[in-house]
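Report on the structure
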Amino acid sequence: MNELHRRAVVADLHNDLLCAVAARPVADWAEFFRERWLPQLRAGGVDVQALPVFIDDPYRPEGALRRTLRMIEAAHRLAAGNSDAVMLCEDGGQIDQALAEGRIALVLALESAPGVGEDVELLETLFRLGARIASLAHFGRTALADGSGEDGTGGRLTRAGVAALAEMERLGMLFDISHLGAAGVGHVLELAARPVIATHSAARALFDHHRNLTDEQIRGVAAGGGVVCVNFFAPYLHDSDYSIDRLIDHFEHIAGVAGIGHVGLGPDFIKEVLADTTPPCCERAFVEGVPADAYLPGLTGPAGLPLVTEALQRRGWPEGDIVAVLGENVRRLLRNELGRPAASSG
């Protein structure tokens, strides 16, 4: 492993591996994680791993809450069954403890939270169960907000969505703007009293796709003290040149707009997860207008993360800037915000 990468704290804010774990029989959850995913995380030098709770189409809307609870239970059981190697963390102190003990800090994240619906009080229930990051929409519409695929509606947060933002800030749950529609992002940045995060978003100035953030949105996240974590999904980076150089272009652009202290990693490694969870009958060639099966060479899973460090070094990035982007920026944000009720925030 690259020496700088080995020494740095590496924080990955989006890997859907929990979907693959929860697809297995309950008795296999912990062992499957240990055999399939833990070696990859170790090989990639991952120290902090966000675990998105993503609820796929067949479970929405009727089964969304039950599926959410099942995936959260899977996270708790894989952590308990691998307590020598990982720790499910609820605040910055626990993250620091896990890293000091040589364990990977796991953080639960709700992706679009379809199980909540308009019942915003359930956010506190999910917070009690360990959820510390949440977004309010995926590509489509929820009771709380419109996703980026619905940008044509001009939809902002609904009344329930505004209440959800306030509740998350009260609890100390970090608001994730990735996948949120453009008007919704603007609404959040207008209302937010605490920093927000984009867990997996690239730069729209470099590739014009609705899943990417505009420079204005990036500046808004940074101005509030948040972090934009760069998405590695190749078709959101360029229309044809699926190379690590194009990924580094997005890092450099976002750093130039937001400042080096507001950039992180949001790989969105999905190749293996899709292979594990999608029946051959139902594979899709395209998702939101881009190829569904195009990936950056060597960056289809966490084991490839040292390649990012090497690419940043080739571009001449200072060591301190690389360390900041690999994980220190995210570590700072999580330390300051996770699990801290609003009354104790600065």
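Look up: the structure comes first, before these words.
Residues numbered from 1 in each chain as written. Predicted model: local features only at pLDDT ≥ 70, side-chain atom pairs only at ≥ 80, totals over all residues. Heavy atoms only, no water.

Remarks on the environment of L38
Convention followed: Segments assigned H or I by DSSP are reported as helices when at least four residues long, segments assigned E as strands when at least two residues long, and all are numbered from the N terminus. Accessible area is worked out with a 1.4 Å probe on protein chains only. A residue is then buried under 20% of its type maximum, exposed over 50%, and partly exposed in between. Contact between two residues is taken to exist if any of their heavy atoms lie within 4.5 Å; hydrogens are not considered.
Tracing the sequence through the fold places L38 in helix α3 (residues 29–43). With relative accessibility at 8%, the residue L38 sits in the buried group. Between the C-alpha atoms of L38 and T142, which are 104 residues apart in sequence, the distance is 33 Å. If we ignore the near neighbours within four places in the chain, the residues touching L38 are F33, A85, V86 and I104.

Some details on the state of the cysteines
What is meant by a disulfide is a covalent connection between two cysteines, made through their sulfur atoms. What counts here: Throughout, disulfides are identified as pairs of cysteine sulfur atoms within 2.5 Å of each other.
Within the structure shown, the criterion is met by 0 disulfides. Not engaged in a disulfide, the cysteine C229 finds its nearest cysteine sulfur in C89; these two sulfurs lie 17 Å apart.

Structural notes on a nonpolar patch on the surface
Test applied: Each patch is assembled from residues with relative accessible area greater than 30% and no salt bridge, linking like charges that lie within 9 Å and nonpolar side chains (Val, Leu, Ile, Met, Phe, Trp, Tyr) that lie within 5 Å. Here the accessible surface of atoms and residues is derived via Shrake-Rupley with a 1.4 Å probe, and residues count as covered only by protein chains that are part of the display. The working definition used for a salt bridge is a side-chain nitrogen of Lys or Arg within 4 Å of a carboxyl oxygen of Asp or Glu.
Residues L65, L69 and L129 make up a contiguous nonpolar surface patch of about 210 Å² in total accessible area. Looking at the element boundaries, L69 is found in helix α4 (residues 64–81). Accessibility expressed as a relative area gives 38% for L69, which makes it partly exposed.

Considering the packing of α3 against α4
Here is the rule we go by: What counts as an axis is a line fitted to C-alpha atoms, over the stretch in contact for a helix, and the angles between N-to-C directions run from 0 to 180 degrees. Any angle that is under 35 degrees is reported as roughly parallel, and any over 145 degrees as roughly antiparallel; angles of 65 to 115 degrees are reported as roughly perpendicular and all others as oblique. Take the far helix as the reference: if the near one is turned anticlockwise from it by less than a right angle, the crossing is left-handed, and if turned clockwise, right-handed. The classification used treats Ala, Val, Leu, Ile, Met, Phe, Trp, Tyr, Cys and Pro as nonpolar, Asp, Glu, Lys and Arg as charged, and all other residues, Gly among them, as polar.
Two elements in contact, α3 and α4, have axes separated by 8 Å at closest approach and are oriented at 65°. Looking at the two axes, α3 sits roughly perpendicular to α4. The crossing of α3 and α4 is right-handed. On the side of α3, the interface is formed by W29, A30, F33 and R34, while α4 contributes R70, E73, A74, R77, L78 and G81. Each residue belonging to the contact of α3 with α4 can be placed in one class, and the counts come to 5 nonpolar, 1 polar and 4 charged.

Section: unusual backbone geometry
Of note in the backbone geometry, A113 takes a positive phi value of approximately 50° without being a glycine. Within the secondary structure, A113 sits in the loop between β4 (104–111) and α6 (122–128). Classification of A113 as buried rests on a relative accessible area of 8%. One non-glycine residue, H179, adopts positive backbone phi at about 80°.

Topic: the nonpolar core
What counts, and what does not: Think of a nonpolar core as a cluster: buried Ala, Val, Leu, Ile, Met, Phe, Trp, Tyr and Cys residues, connected wherever their side-chain atoms sit within 4.5 Å.
Ranked by internal contacts, the top residues of the largest apolar core, which has 92 residues, are L18, F232, L247 and F251. One finds A11, A50, C89 and V330 within the second-largest nonpolar core, a separate group that totals 22 residues.

A look at the environment of T300
Structurally, the position occupied by T300 is in the loop between β11 (290–291) and α12 (306–314). Note on T300: relative accessible area 32%, which makes it partly exposed. Here the alpha-carbon distance between T300 and F232, two residues 68 residues apart in the chain, equals 8.9 Å. Sequence-distant contacts of T300, that is, excluding residues within four places in its chain, are made with F269, K271 and Y295.

Examining the pairing of β4
Applied cut-off: One requirement defines pairing of two strands: DSSP has to find at least two bridges between them. Whether a crossover is right-handed depends on one test, that the path from the first strand over the helix to the second runs clockwise when the strands point away from the viewer.
The buried fraction of β4 is high, at 8 of 8 residues. Taken together, the 7 bridges between strand β2 (residues 46–54) and β4 define a ladder with parallel strand orientation. Bridge assignment links V53 to a residue of β4, and that residue is L110. Judged from the 3 bridges that link them, strand β3 (residues 86–88) and β4 form a sheet pairing that is parallel. Opposite L88, over in β4, you have L106 as the bridge partner. At this point the chain moves from β3, through helix α5 (residues 92–100), to the parallel β4, and the crossover so formed is right-handed.

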